[in-house]
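Structural features, examined
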Amino acid sequence: MERVSGLLSWTLSRVLWLSGLFERGAARQPRIMEEKALEVYDLIRTIRDPEKPNTLEELEVVTESSVEVQEINEEDCLVVIRFTPTVPHCSLATLIGLCLRVKLQRCLPFKHKLEIYISEGTHSTEEDINKQINDKERVAAAMENPNLREIVEQCVLEPD
């Protein structure tokens, strides 16, 4: 009886696997991470630029390829975003990073650790800005400033 049960279980998992309804763990994992990356991108692409009436997607500040999701463990994911300011001396790059962080902290439906960086070589002070936008205390302090908070709220507000 055990043998029949094992054979039936193997046959069923094989049929499901072949039909695409079930994938083995290793094969399934990259697809899940890609889906999560697209989910992240869908959330950040509509963030408005602080200076212009365009979204970060329209200005190519963020693209699908600028979002990466990696599994840390069964419950947590590492979300890495690399954004590209419109000009190498963009004075609002820190604010854009803050908007990305706030939007994702509010809206991501899965447990995550978030790292946001300026794409290498695209800003004159990228190291300093990367430190600022990944420092929890600095982010919290920035969000306590009512003027800054209002700008961030306007940028992350979903379009109608």
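Heads up: the structure comes first, above all this text.
A quick note: this is a predicted structure, and the numbers were derived from the prediction, not measured.

What about the packing of helix α3 (residues 93-107) against helix α6 (residues 146-156)?
- It is at 9 Å that the axes of α3 and α6 come closest, and there the two elements cross at 65°. The angle between α3 and α6 falls in the class roughly perpendicular. Here the hand of the crossing between α3 and α6 comes out right-handed. Together, Leu95, Leu98, Cys99, Val102, Lys103 and Arg106 of α3 and Leu148, Ile151, Val152, Glu153, Cys155 and Val156 of α6 make up the contact between the two elements.

Overview of the packing of α3 against helix α4 (residues 126-133)
- Where α3 contacts α4, the two axes come as close as 10 Å, and the packing angle between them is 30°. One finds that α3 runs roughly parallel with respect to α4. Between α3 and α4 lies a crossing whose hand is right-handed. For the pair α3 and α4, the contacting residues are Ala93, Thr94, Gly97, Leu98 and Arg101 in the first and Ile129, Gln132 and Ile133 in the second.
- Here the residues of the contact of α3 with α4 are counted per class, giving four nonpolar, three polar and one charged.

With respect to the pairing of strand β2 (residues 77-83)
- With respect to burial, β2 is a largely interior element, six of its seven residues being buried.
- The sheet contact formed by strand β1 (residues 67-71) and β2 spans five bridges and is antiparallel. Note on β2: the bridge partner recorded for Val67 is Ile81.
- Here β1 folds back onto β2, and the loop between the two strands holds five residues.

Looking at unusual backbone geometry
- We note that Glu60 has phi near 60°; this positive angle belongs to a residue other than glycine.
- Residue placement: Glu60 occurs in the loop between α2 (25-44) and β1.
- The exposure class assigned to Glu60 is exposed, which follows from its relative accessible area of 59%.

Conventions used here
Counting restarts for each chain, with residues numbered from 1 along the sequence as it is written. Per-residue local features are limited, in this predicted model, to residues with pLDDT of at least 70; the limit for side-chain atom pairs, both in listing and counting, is 80 or more; totals at the level of whole chains, interfaces and linings are taken over all residues. Side-chain metrics rest on all non-hydrogen atoms present in the structure, leaving aside hydrogens and water. Helix axes use the C-alpha atoms of the stretch in contact, all axes being lines fitted to C-alpha atoms, and the angles between their N-to-C directions lie in the range 0 to 180 degrees. Elements are defined by DSSP. Helices are runs of H or I of four residues or more, strands are runs of E of two residues or more, and each kind is numbered from the N terminus. Roughly parallel means an angle under 35 degrees; roughly antiparallel means over 145; roughly perpendicular covers 65 to 115; every other angle is labelled oblique. Left-handed describes a crossing whose near helix is turned anticlockwise from the far helix through less than a right angle; right-handed describes the clockwise counterpart. Any two residues having at least one pair of non-hydrogen atoms within 4.5 Å are treated as being in contact. Charged means Asp, Glu, Lys or Arg here, nonpolar means Ala, Val, Leu, Ile, Met, Phe, Trp, Tyr, Cys or Pro, and polar covers whatever is left, Gly included. Working definition: with a 1.4 Å probe on protein chains only, accessible area under 20% of the residue-type maximum means buried, over 50% means exposed, and in between means partly exposed. Note on pairing: two strands pair once DSSP finds at least 2 bridges between them.

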